[in-house]
Amino acid sequence: MQTSKTLTGPPPLESGWLSRVVSSYAVRTLLQALLTIWAVVTFTFFLIRLMPGNPIDVYVGFLMNQSNLTYGEALQQAASQFSFDPNASVFQQYLGYLGDLVRGDLGTSITSTGTQVVDQIARFLPWTLFCVGLGLLISFVLGMTIGMLIAYYRNSVLDTAVSFFASVLGAVPDYIWGLLILVVFGVQLGWFNIGELRGTYDPGLTPGFTPAFIWSVVRHAFLPVLVYVIGTLGSWILNMRSSTTSVLGEDYVNVARARGLTPGRIATTYVGRNAALPLFTLLAVNIGLVIGGSVIIEELFVYKGIGSFLFFSISQRDYTSMQGVFLVIAVSVVVANILADLLYSSLDPRVRIEGER
Amino acid sequence: MRQFFRALARSKAGLLGFIGLIFYALLVGVGPMFVPFDNEVKTDQVNAPLGSRLKLVTRAADAARYPSLASLEGQVVGYVSSSGGETLVEPLEDTFDDTEDYRRGAGVEDGLEELTDGDIDGFVLFSESLKTYPIGPGSDFPDLTVSNARLAPPHLLGTDTQGRDILSHIVNGGRTLIVTALLAGLISTTIAVIFGAVAALVGGPVDRTLSALANFILVLPKFPLLIVLAALFTLDNILLLATLIGLLVWPALMRAVRAQVLSLRERDYVEAARALDLGRRHIIIREILPNMMSFVVVNLILAVTAAMYDQIGLIFLGMAPINDYSWGVMLYFGRTRGALFSPDSASMVLAPVVAIALFQVSMVMFARALEELSDPRLRTA
Amino acid sequence: MTGVTTPQGPVERVPVLEVENISVAYAAARGAVRAVNNVSFTLHKGEALALIGESGSGKTTLALALIRMLVRAAKVTEGRVRYVKNGAAQDVLGLSEREIRRFRWSECAMVFQGAQNAFNPVLRLSEQFSDTARAHGKGDRAWVKRRTLELFKLVRLDPERVYNAYPHELSGGMKQRALLALGVLLDPQVVILDEPTTALDILTQRAIIDVLAEMQDRLGFSIIFISHDLALAAEMADRVATMYAGEIIETGTVDDIFYEPLHPYTLGLLRSVPRLSGSQDLISIPGSPPDLISPPPGCKFHPRCPFASERCRSEAPPLEDFGAGHLAACWHTDRVVEARQGLWSDGAVVTRG
């Protein structure tokens, strides 16, 4: 006997990954991200171009003094480097800049003459993404495991100790941990040779999938990755702990126990998966923070990634590189945000529905 | 208030944080009156011909006694810049910034040898036993003398590369940082509370605009943007630095305030106030803000720690040329003057590291305790 | 209404659950909270037993003790729970961790109150049915799917649609029915229903009760029904037990309890049920349930009892048989008999099932 009651409720969703990907939630997320990237690009353009005492004027002045050029010649040279047309209006310059960007042209470096900024970025960015990505992955998994564990044993001695430790980890800036590790383990105890660990791999090695090269990459990345892990672990632990604590009080966990599910199944699929959900939104925030902090960490460990390259361009007053690198970092953060968002929505069916409505 | 302290005493971490903050308040507030800033450079003084290239040499026997200078060992550390009289040797930063070769315990003989070979024009000798040591007796440079003003009073935390007392720098180096961070925290909290409340109460396009702005700033990589800004402006002014940091930190709190106000707005007493037609300002100031006080204070504290992070990071990289000698500047010099890589000058780096770390920990512990006190749900958990 | 086995004439009275003298205490800061005290009852095959009483009377604690789902602070201090299946008895309290896990749901399922949140929000219902089956060694996918669809049909849900749905895609009533279906997935002998219809609107409640009755008819499980909704209890149950301060103070058939109550507390509960006619004043029981750490001496109900005498204050009345399995623990049943006159005279809404 079918009552009309059974037919109420939202329509069923089609299953299958394809429909999930093309669901309007994902499309909306992508559109929002594109909008954000456009805003970042615009912001960067006007920051560099229209500020009082903007670097282009400074550079033009520098060229006039240095190379005995007329203003026009100097402006022409500056324009080619910053890749804009000096005779066009600011708005046209802006459009041109957007067009160049779409084609992947970020101009040429001022100090390393003839080098495309895009090439510089391609050289340095992967190392940072590798370290930051690996560090966040490790700390995310580790923090979730530890946080869940202490939530299961909350208010025990273990919980109190770990929670305190996690608060301390999160409170101290990551570069301060980096300094501490350098001074205590590197210099005082001599566990590793800081001088040898500079750069992204040992000099003289040819990049490739050789054991020597991979081992070298791992050794050089170890300290930055360790610091990224330490810098974010505390917040994962504390957030997972509070999230797990509230999930443990949910009816469905109790019901799952009454259903006679194995403790392992309950811990992973019922408690873990639900408790982890809010952490994915935090993942987006943390990616931004860690990539931002990588400038100091890479400078500290002399790791040649995008952060240390940004600092290098700034100290060299290489404005085109600086602008390009900043843009790329900002876009990386936006992209990482989307990925975290999409990951979140693929784990929580409720989000997909919200997007549908 | 009494209730606050009683509750604080129950939360051990909160109590630790509170004690820590009192300690820091005393340290930066009263400390400088008792421990004046030690700016007397006590490196060796050199009497040498104009333009001489000076190299640092420590006698093997005395090397251990000059830990803070070991990193300069064997380097050309400076040039004599004025003729006649005693000339201060200021280490040249470039010379030892990027060097990996740190020799220790070279003898006077090494120095003399190089002197004779003409590699250098003189060397600065560090010796415990001799206050003044004539360089190269019988050498070509009889007029070159070096004196070592041995550090007279005991130094609890040792001395830096220029022989200055580190403890005095710790005592004096916190005030600017903390004031700037507080200022930045206040600025960002003010913006966050105003924008959040306005967005929630006015709603509509105002809400959408403010929320979009917050979301935009939230995805901007804050620290890289700060150093780009630091390259465009000169961040040598506390207020400017605090404002820039404050302008970049508010969005997270703003969104939280907005959500809080939205939920508070639905509560009975606010409804009642609205029914009584008490006006929007009254509702915000009298009804909503008091209910969010503890929440706002906790976030203010966290904003201060975030500002500390940015500020010290900028100084550490040398991007914020703040004139005051602070813990951040100590780290900067620790790095640029090689102390970071020298086993004997750990104190120069570790002292500010510990000072910063404990301050941040105290702040966070205190904030967490406040959070627990104000949230009855957490109190029982 | 529906085909619930009548209590007086079951073909055979086979016990499935025998509870003997069970007591449960919570450790609290001030001392032990004696939430359940010396409770005994027997549940027979196909029978529906309702536990009624105010909140805090120990109904839910008792039920949780039966499937050993008590919180860590609570302990069964004495007593025995025997579960009988096909003539073989098991000591539930003596089962190992592993055995009790298998026991839950496959032998004795408990449907908690608040079904709104009973399903894991990130798993499809199909997954939650299959993982339940798998946890009890019934991993045959085809069987699970067939059984699940069958049960959905039984609880009047659109099988194909609900099977692939996420919990949030279902309405409250649909979730409750899905939970009932899940409850009988493994064909348990006993189903405990803890306030199965709270938080549902009256029409949905009706539908759930109908479904439940039909399911019990078809599948033949026994029910322990926990409720403070007396009308529902009257409709669902064959037998009723009234709980007060952790003790069963009266038990009997639905007719016994609702038409001839012998305990002043039961009478008080009945009087507090709103009538459709509204002619009789609603009387609530004065006072509040006793402190279970240091309960009053004698009969625990005496501070609130209109008939309390000196004897009630000093001596606890035993649970006495007043004929045909109608038991009550009161020194003054005669006065209750007097007082209950005209209890339903204004046309009661409570009808027999």
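Reading the values: rules and limits
- Every chain's residues receive numbers from 1 upward, in the order its sequence appears when written.
- Labels follow written order: the first chain is A, the first ligand is 1, and so on.
- Local features in this predicted model are restricted to residues whose pLDDT is 70 or higher, and side-chain atom pairs enter the listing and the counts only when it is 80 or higher, whereas totals over whole chains, interfaces and linings include all residues.
- Water and hydrogen atoms were dropped before computing side-chain values, which therefore reflect all heavy atoms in the structure.
- UniProt positions are given in the numbering used here, feature names are shortened, and annotations may be inferred rather than shown by experiment.
- A helix here means a DSSP run of H or I that spans at least four residues, while a strand means a run of E at least two residues long, and both kinds are numbered starting from the N terminus.
- Each residue is assigned to one of three classes by its accessible area relative to the maximum for its type, calculated with a 1.4 Å probe on protein chains only: buried under 20%, partly exposed between the two thresholds, exposed over 50%.
- Each accessible area value is a Shrake-Rupley result obtained with a 1.4 Å probe; residue values ignore everything except the protein chains displayed when judging cover.
- Each domain's extent was defined by an automatic or database domain assignment.
- The term buried area refers to how much accessible surface (probe radius 1.4 Å) is lost by two components on association, counted for both of them together.
- What counts as a salt bridge is simple: a side-chain nitrogen of Lys or Arg found within 4 Å of a carboxyl oxygen of Asp or Glu.
- We call Asp, Glu, Lys and Arg charged. Ala, Val, Leu, Ile, Met, Phe, Trp, Tyr, Cys and Pro are nonpolar, and the rest, Gly among them, are polar.
- Pairs were defined over the aromatic rings of Phe, Tyr and Trp, the Trp ring being its six-membered one, requiring ring centres within 6.5 Å. Orientation was assigned from the angle between planes: stacked under 30 degrees, edge-to-face over 60, tilted for the rest.
- Geometrically, a charge over a ring is one whose NZ (Lys) or CZ (Arg) sits within 6 Å of the ring centre while staying within 35 degrees of the ring normal.
- Paired strands, as defined in this entry, are two strands with at least two bridges between them according to DSSP.
- Contact between two residues is taken to exist if any of their heavy atoms lie within 4.5 Å; hydrogens are not considered.
- Convention adopted: a line fitted to C-alpha atoms gives each axis, helices being fitted over their contacting stretch, and angles between N-to-C directions are expressed from 0 to 180 degrees.
- One fewer than the residue count of a helix, multiplied by 1.5 Å, yields its expected span.
- Bend is computed residue by residue as the angle between axes fitted to the seven residues ending at the residue and the seven residues starting at it.
- Remark: nonpolar core denotes a set of buried residues (Ala, Val, Leu, Ile, Met, Phe, Trp, Tyr, Cys) joined through side-chain atoms within 4.5 Å.
- Points on a 1 Å grid over protein atoms alone make up a cavity when a 1.4 Å probe fits among them but cannot get out, and a pocket when they form an open set with protein on both sides within 12 Å along at least five of seven lines; lining residues each have an atom within 4 Å of a point.
- Grid points are joined across faces, edges and corners, and a volume is the space filled by probe spheres set on the points.

An unreviewed UniProt entry annotates chain C as Oligopeptide transport ATP-binding protein OppD originating from uncultured Truepera sp. Reading the Subcellular location (unreviewed entry) entry of the UniProt record for chain C gives the comment "Cell membrane". In its Sequence similarities (unreviewed entry) section, the UniProt entry covering chain C states "Belongs to the ABC transporter superfamily."

Undergrad: So what exactly am I meant to see when it comes to the overall build of chain B here?
TA: Across its full length, chain B carries 15 helices and seven strands. Across the 381 residues in chain B, those meeting the buried criterion constitute 52%. A total of about 17,100 Å² of accessible surface is found on chain B, and carbon and sulfur atoms cover 59% of it.

Undergrad: When you look at the domain arrangement of chain C in this model, what are you seeing that I'm missing?
TA: The parts lose accessible area when they come together, and the size of an interface is often stated as this lost area. Residues and elements named next belong to chain C. Looking at chain C, the domain boundaries give domain 1 (15–237) and domain 2 (251–339). Interface area for domain 1 against domain 2, summed over the two sides, is near 1,200 Å², with a carbon-plus-sulfur share of 64%. Among the residues domain 1 hides against domain 2, the three largest losses belong to Arg30, Glu54 and Leu230. Together they make up 42% of the total. With a shortest N-O distance of 3.5 Å, Arg30 and Asp291 are connected by a salt bridge. In terms of residue count, the dominant contributor to the side of domain 1 that touches domain 2 is strand β2 (residues 31–44) (six residues). Tallied by class, the residues present in the side of domain 1 that touches domain 2 amount to seven nonpolar, four polar and three charged.

Undergrad: Could you clarify how one ought to interpret the packing of aromatic side chains in this entry?
TA: Here the distance between the centres and the angle between the planes together describe a pair of aromatic rings. Counting across every chain of the model gives 26 aromatic pairs over all chains. With 5.3 Å between their ring centres and 55 degrees between their planes, Phe45 of chain A and Tyr94 of chain A make a pair best called tilted. One end of the pair, Phe45 of chain A, is in helix α2 (residues 24–50); the other, Tyr94 of chain A, is in helix α5 (residues 90–102), and 49 residues separate them in sequence. In this structure Tyr94 of chain A comes out as buried when scored by relative accessible area, which is 7%. Between Tyr325 of chain B and Phe333 of chain B, the aromatic rings sit 6.0 Å apart at their centres with planes inclined by 25 degrees, giving stacked as the arrangement. In this structure, Tyr325 of chain B and Phe333 of chain B share a single accessibility class: buried. Put simply, the rings of Phe45, Phe46, Phe91, Tyr94 and Tyr97 of chain A pair up and form one aromatic cluster. A cation over a ring is seen here: Arg311 of chain C above Trp331 of chain C, with NZ or CZ 3.5 Å from the ring centre.

Undergrad: Honestly, the sheet that holds strand β6 (residues 108–111) of chain C in this entry has me stumped. Any pointers?
TA: Paired through backbone hydrogen bonds, the strands of a sheet run either parallel or antiparallel to each other. Residue and element names in this part refer to chain C. Taking strand neighbours across the sheet as the criterion, the eight strands line up as β6-β7-β8-β3-β9-β10-β12-β11 in an open arrangement whose pairing is mixed. The open sheet terminates on both sides in strands that have one partner only, identified here as β6 and β11 (320–321). Both strand β9 (residues 239–244) and strand β10 (residues 247–253) contribute to a ladder of six bridges, which runs antiparallel. Bridged to Val240 within β10 is Gly252. Those strands touched by helix α1 (residues 59–66) are β3 (48–52), β6, β7 (190–194), β8 (222–227) and β9, and its axis lies near 150 degrees from that of β8.

Undergrad: I keep staring at the sheet that holds β2 of chain C and nothing clicks. Help me out?
TA: All names here are of chain C. Across the sheet, four strands lie side by side as β2-β1-β4-β5; this open sheet has antiparallel pairing. Because the sheet does not close on itself, it has two edges, and the strands there are β2 and β5 (88–91). Across the sheet, the mean angle separating the axes of adjacent strands is 10 degrees when strand polarity is ignored. Packed onto the sheet, α1 meets β1 (15–28), β2 and β4 (74–85) and runs at close to 115 degrees relative to β1.

Undergrad: Even after reading the chapter, I still don't get the side chain of Thr232 of chain A, so can you show me in this structure?
TA: All names here are of chain A. Counting through the fold element by element, Thr232 comes out in helix α9 (residues 211–248). Taking relative accessible area as the criterion, Thr232 reaches 4% and is therefore assigned buried. Dropping the residues within four chain positions of it, Thr232 is found in contact with Leu136, Ser139, Asn286 and Val290.

Undergrad: Please explain α9 of chain A as it appears in this structure.
TA: Side chains of residues three or four places apart in an α-helix project in the same direction, reflecting 3.6 residues per turn. Taking 1.5 Å of rise per residue, the 38 residues of α9 of chain A would be expected to cover 56 Å, yet its terminal C-alpha atoms sit only 45 Å apart, more than 12% below that figure. The largest bend along α9 of chain A measures about 45 degrees and falls at Phe222 of chain A, with the proline Pro224 of chain A one to four residues further on.

Undergrad: I would appreciate a short explanation of the nonpolar core in the present structure.
TA: The tendency in soluble globular proteins is for nonpolar side chains to be buried side by side. One finds Leu314 and Trp327 of chain B to be the most contacted residues of the largest nonpolar core, which totals 189 residues. Broken down by element, the residue count for this core peaks at 19 residues, all from helix α11 (residues 263–301) of chain A. The residues touching Trp327 of chain B, leaving out its near neighbours within four places in the chain, are Tyr24, Leu27, His169, Ile170, Gly173, Gly174, Leu177, Ile178, Met308, Pro352, Ala355 and Ile356 of chain B. Leu149, Ala234, Ala237 and Tyr244 of chain C belong to the second-largest nonpolar core, a separate cluster that totals 109 residues.

Undergrad: Help me understand the layout of surface pockets, please; the structure alone is not making it clear to me.
TA: Where empty space is left becomes clear once a probe the size of a water molecule has been rolled over the atoms. One number sums up the size of the second largest pocket: a volume of about 1,200 Å³. In terms of lining, the second largest pocket is formed by 30 residues, of which the most central are Asn254 and Arg257 of chain A together with Leu70, Val71 and Arg72 of chain C. Those elements giving two or more residues to the lining of the second largest pocket turn out to be α9, α10 (251–258) and α11 of chain A together with α1, β4 and α2 (97–106) of chain C. Among the elements that make up the lining of the second largest pocket, the one with the highest residue count is α2 of chain C (five residues). Of the residues assigned to the lining of the second largest pocket, the class counts are 17 nonpolar, three polar and ten charged.

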